[in-house]
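What follows is the residue order along each chain.
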Amino acid sequence: MAGKNPLAIDISRLGRRPGSMIEVHETVPSPSRIGLDLIRIEQGAPLELDLRIESVSEGALVTGTVSGPATGECVRCLEPVGDEVSIDITELFAYPGSTTEATTEEDEVGHVVDDRVDIEQSIVDAVGLVLPFAPLCREDCAGLCPDCGVALVDAEPGHAHDKIDPRWAKLAALKDQAGDGSDG
Ligand SMILES: [Zn+2]
Ligand SMILES: [Zn+2]
């Protein structure tokens, strides 16, 4: 079932001898959309894996970095925002039959399944922590004009609309009514 997931890394060549180590340096398509509503690594975007996988007594210890392009929209002006995201991973995957596997739940520590370690959840968790909840195209993005929706950065200096303050508009209406009354 995990066979098609490029983030379920085959560690069959690692062996179980403590101290043995393999390295993974490859770029794989992201199997899912990873991130937040406003900014995320899209499904299929290239994820660059730079990992060391070491055999320790209880399992396989995965350490290293994963990076990929995050794309989204500025929360103020909705212009496209792009950023390169890089996260660090340190995750132990328990070997089948190990004490660690027997004494932990799947959601506490990863497990080696069919000679594979699936690092997708680790990436999802870490990426969620580093991406901004409110991405900005630039720190001082002026956003959109609340009246006409034009991006203020593209508008003329001092862009504004002549309009009557709603409180004055109400007064003006009352005045009109009073005027009508005196006429009749
Ligand atoms: Zn912006
Ligand atoms: Zn405007």
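Just so it is clear, the structure is predicted and the values come from calculations on it, not from any experiment. (Residues numbered from 1 in each chain as written. Chains lettered and ligands numbered in written order. Predicted model: local features only at pLDDT ≥ 70, side-chain atom pairs only at ≥ 80, totals over all residues. Heavy atoms only, no water.)

Draft legend 1. Expanded view of the coordination of the zinc ion (ligand 1). Of the protein atoms, only C74 (SG), C77 (SG), C137 (SG) and C141 (SG) coordinate the zinc ion (ligand 1), at distances of 2.3 Å. One way to put it: the 4 donor atoms around the zinc ion (ligand 1) meet at angles of 107 to 114 degrees, and that makes the site tetrahedral. Each donor residue of the zinc ion (ligand 1) lies on one chain, and together they are spaced C-x2-C-x59-C-x3-C. Taken together, the residues C74 in the loop between β6 (59-73) and β7 (80-94) and C141 in the loop between α2 (120-130) and α3 (166-183) connect sequence positions 67 residues apart. Taken individually, C74 and C141 each receive the classification buried, so the pair is uniform in this respect. (Donors = N, O, S within 2.8 Å, 3.2 Å for Na, K, Ca; no water. Tetrahedral: all angles 85-135°; square planar, octahedral: opposite > 155°, others 65-115°. Helix = DSSP H or I, 4+ residues; strand = E, 2+ residues; numbered from the N terminus. Buried < 20%, exposed > 50% of the residue type's maximum accessible area, 1.4 Å probe, protein only.)

Draft legend 2. Focus on unusual backbone geometry. Backbone geometry at D114 places phi at a positive 50 degrees, although glycine is not the residue there. Mapped onto the fold, D114 is located in the loop between β8 (110-111) and β9 (116-118). On the basis of relative accessibility, which here comes to 67%, the residue D114 falls in the exposed class. Its identity as a non-glycine residue notwithstanding, D115 has a phi of 60 degrees, on the positive side. Structurally, D115 can be placed in the loop between β8 and β9.

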